[in-house]
Amino acid sequence: MKLGIVGLPNVGKSTLFNALTNAGAQSANYAFCTIEPNVGIVPVPDERLDRLAEMYKPHKVTPATIEFVDIAGLVKGASKGEGLGNKFLSHIREVDAIIHVVRCFDDDNILHVDGKVDPQRDIETINLELILSDAEILDRRIDRDTKALKGDKTVAKELEFLKRIRAELDNGVCARAVEMTEEEREVLSTVALLTSKPVIYACNMSEQDFANINDNEYVKAVKKIAAAEGSQVLPICAEFEAQLADLDKEEREMFLQDAGIASGGLDLLIQKSYDLLGLMSFLTAGEQEVRAWTIKKGTKAPQAAGKIHTDFERGFIRAEVVSYDELIECGSMAVAKEKGLVRSEGKEYVMQDGDVVLFRFNV
């Protein structure tokens, strides 16, 4: 899973990226500090792996990972190549979802490209550039379908839908905010529009404001926008996360406890990202390795096996499955089998989050 961190210059993108990945990306108080995207591979926090490691004493523990991409700050005119617009658009096209960092704090010492903090205007600035880029792509597709319609009348329904999306773009509405059927959603997935990508708005706040989230008018404005388009919102303090990143696990837990916060921004961001993209994890466990594997919700057992190796999917026989909770309660796989909790599932089995699985297959 690849998440692109975007936003206007000087909103805290690189600070947040550094905090989440501890990768040391350049961060400074001037526009276009980030030119080429910084990339960080981050392990997905999963306490289940720790418990399974205690049980199996494996040679290694491998968590699922998530890739964060810190993309150059966007300015007006990006869709026409202004600033680093062309690079911005090409990089954002490659990600699965967008983390849109929105500045929700006042600080005279940190410049704002438009001179004043205004989350609604800032979001509209970025969305407009994505909409303009999408409009060009959609125009080309509509032109192609219009020509194809002369010899294939079945294209008519698809063409009508695409024209409806194009009209919404003209009204400043992102494609993800348009109501559509599953069939229409399938059509849209073949066009790969930027504004159809799922979004989490990360409201970057000061430490002082973060302690009083509900009183922040900037955050309220972002929540209103997100609700209208079905996006998610995560209030976050990049500076606070940067402090957490420098601490070891025990110190971090104490720091969060003293601050009265249940978990850090990374954990919450990954949880929201998984929900946004309809993802979950299944687990494999043994003496060699305990590992988490990320799959789409609704994935069947053979396709889940294919995440481990293509041979597993081709030669799939069955999956021996026990839920994580039942396995932990039993204390060992042997006891779980004795109690009849380990199930033998076939090709039609739909995987569940937290399934601990052993796949049987023909070579």
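Please read these numbers as outputs of a predicted model, since none were measured by experiment.

Parameters at a glance
- Residues numbered from 1 in each chain as written.
- Predicted model: local features only at pLDDT ≥ 70, side-chain atom pairs only at ≥ 80, totals over all residues.
- Heavy atoms only, no water.
- Axes fitted to C-alpha atoms, helices over the stretch in contact; angles between N-to-C directions.
- Helix = DSSP H or I, 4+ residues; strand = E, 2+ residues; numbered from the N terminus.
- Parallel < 35°, antiparallel > 145°, perpendicular 65-115°, else oblique.
- Left-handed = near helix turned anticlockwise from the far one by under 90°.
- Contact = heavy atoms within 4.5 Å.
- Nonpolar A, V, L, I, M, F, W, Y, C, P; charged D, E, K, R; others polar.
- Pairing = 2+ DSSP bridges.
- Patch = residues over 30% accessible without salt bridge, like charges linked within 9 Å, V, L, I, M, F, W, Y side chains within 5 Å.
- Areas by Shrake-Rupley, 256 points an atom, 1.4 Å probe, with all protein chains shown as cover.
- Salt bridge = Lys/Arg side-chain N within 4 Å of Asp/Glu carboxyl O.
- Lys, Arg positive; Asp, Glu negative; His and termini not counted.
- Charge placed at Lys NZ, Arg CZ, Asp CG, Glu CD.
- Buried < 20%, exposed > 50% of the residue type's maximum accessible area, 1.4 Å probe, protein only.
- 1 Å grid on protein atoms, 1.4 Å probe; cavity = no way out; pocket = protein on both sides within 12 Å on 5 of 7 lines; lining within 4 Å.
- Points joined across faces, edges and corners; volume = space filled by probe spheres on them.
- Phe/Tyr/Trp six-rings, centres within 6.5 Å; stacked < 30°, edge-to-face > 60°.
- Lys NZ or Arg CZ within 6 Å of the ring centre and 35° of its normal.
- Core = buried A, V, L, I, M, F, W, Y, C linked by side-chain atoms within 4.5 Å.
- Polar contact = N/O pair within 3.5 Å; in protein donor to acceptor, adjacent residues only side chain to side chain.
- Expected span 1.5 Å × (residues − 1).
- Arc of directions from axis to C-beta.

Colleague: An account of the packing of helix H4 (residues 119-149) against helix H5 (residues 156-170) is requested, with residue identities and associated values reported.
Modeller: Running from amino to carboxyl end, H4 crosses H5 at an angle of 155°, the nearest separation of the two axes being 10 Å. With respect to H5, the element H4 is oriented roughly antiparallel. Remark: the crossing between H4 and H5 carries left-handed chirality. Between H4, through Ile131, Asp134, Ala135, Leu138, Asp139, Arg141, Ile142, Asp145, Thr146 and Leu149, and H5, the contact on the second element is made entirely by Ala156, Glu158, Leu159, Leu162, Lys163, Ile165, Arg166 and Leu169. Residues belonging to the contact of H4 with H5 are distributed by class as follows: 10 nonpolar, one polar and seven charged.

Colleague: Outline the sheet that holds strand E5 (residues 97-103), supporting the account with residue identities and numerical values.
Modeller: The six strands are arranged E2-E4-E1-E5-E6-E7 in an open sheet whose pairing can be described as mixed. Both edges of this open sheet fall to strand E2 (38-43) and strand E7 (232-236), since each of them pairs with a single strand only. For this sheet, the mean angle separating the axes of adjacent strands, direction not counted, is 25°. Strand direction decides the pairing type here: strand E6 (residues 199-204) and E7, joined by five bridges, are parallel. Among the inter-strand pairings, isoleucine 200 is bridged to a residue of E7, identified as glutamine 232.

Colleague: Run through a negative patch on the surface, naming residues and quoting values.
Modeller: Among the surface-exposed residues, Glu47, Asp248, Glu250, Glu251 and Glu253 lie close enough to one another that they form a single negatively charged patch. Counting residues per element, the negative patch draws most heavily on helix H10 (residues 249-259), which supplies three residues. Tracing the chain through its elements places glutamate 251 in helix H10.

Colleague: Can you explain the pattern of salt bridges? Please cite residues and give values.
Modeller: Scanning the entire structure with this criterion turns up 21 salt bridges. The residue aspartate 122 makes a salt bridge to arginine 121 at a minimum N-O spacing of 2.9 Å. Residue class for aspartate 122 comes out buried when judged on its relative accessible area of 4%. Across the pair glutamate 229 and arginine 176 runs a salt bridge, and its minimum N-O distance is 3.0 Å.

Colleague: So what's going on with the pairing of strand E10 (residues 316-323)? Which residues, and what values?
Modeller: One ladder, built from seven bridges, connects E10 with strand E12 (residues 355-361); its direction is antiparallel. The residue bridging phenylalanine 316 from the neighbouring strand is phenylalanine 361, located in E12. Sheet topology note: the E10/strand E11 (residues 343-345) ladder contains three bridges and is antiparallel. Within E11, the position partnered with valine 321 by the bridge is arginine 343.

Colleague: Give me empty space enclosed by the protein: which residues, what numbers.
Modeller: The final tally for this structure, using the stated rule, is one cavity of 30 Å³ or more. The calculated volume of the largest cavity comes to roughly 40 Å³. Every residue along the wall of the largest cavity is listed here: Val6, Ile98, His100, Ile126, Asn127, Leu130, Arg176 and Val199. Going through the elements one at a time, E5 and H4 are the ones with two or more residues in the lining of the largest cavity. Looking at the lining of the largest cavity, the element that brings in the most residues is H4, giving three residues. Taken together, the residues of the lining of the largest cavity break down into five nonpolar, two polar and one charged.

Colleague: I'd like to hear about the packing of aromatic side chains, residue by residue, with values.
Modeller: Within this structure, the stated rule accounts for four aromatic pairs. Ring pairs connect the aromatic residues Phe282, Trp293, Phe316 and Phe359, which therefore count as one cluster. The residue whose ring lies beneath arginine 103 is phenylalanine 105, and the NZ or CZ to ring-centre distance is 4.6 Å. Against the face of tryptophan 293 rests arginine 291, its NZ or CZ located 3.9 Å from the ring centre.

Colleague: Let's hear about the nonpolar core: which residues, and what values?
Modeller: As a rule of thumb, nonpolar side chains are buried together in soluble globular proteins. In terms of nonpolar packing, the biggest core is built from 67 residues, with Leu52, Phe68, Ile92, Tyr201 and Val222 touching the most fellow members. Other than its neighbours up to four places away in sequence, phenylalanine 68 contacts Leu3, Ile5, Phe17, Leu20, Thr21, Asn38, Val39, Gly40, Val42, Leu266 and Leu269. Membership of the second largest hydrophobic core comes to 17 residues, among which are Phe161, Cys174, Met180 and Leu188.

Colleague: Pulling in residues and values, what's your account of the environment of arginine 343?
Modeller: By the secondary structure assignment, arginine 343 is in strand E11. According to the relative accessible area criterion, arginine 343 is partly exposed, its value standing at 30%. As a C-alpha pair, arginine 343 and valine 321 span 22 residues in sequence and 5.1 Å in three-dimensional space. Setting aside residues no more than four positions away along its own chain, arginine 343 makes contact with Ala319, Glu320, Val321, Val322, Ser323, Tyr349 and Asp355. Within the local environment of arginine 343, its side chain forms a polar contact with the side chain of glutamate 345, the two groups lying 2.8 Å apart. Among the polar contacts listed, one links the side chain of arginine 343 to the side chain of tyrosine 349, at a separation of 2.9 Å.

Colleague: How would you summarise H5 if you had to cite specific residues and measurements?
Modeller: Taking 1.5 Å of rise per residue, the 15 residues of H5 would be expected to cover 21 Å, and the 21 Å separating its terminal C-alpha atoms lies within 8% of that figure. Leu159, Phe161, Leu162, Ile165, Arg166 and Leu169 are the residues of H5 that are buried. End-on view of H5: buried residues confined to an arc of 160°, all on one side of the axis. Looking at H5, the residues exposed on the side facing more than 90 degrees away from the buried face are Lys157, Glu160 and Asp170. For H5, the secondary structure elements touched by its buried residues are H4 and helix H6 (182-189). Where H5 terminates, the next one or two residues include glycine 172, which has phi positive at roughly 80°.

Function cannot be inferred from these measures alone, as they are strictly geometric.
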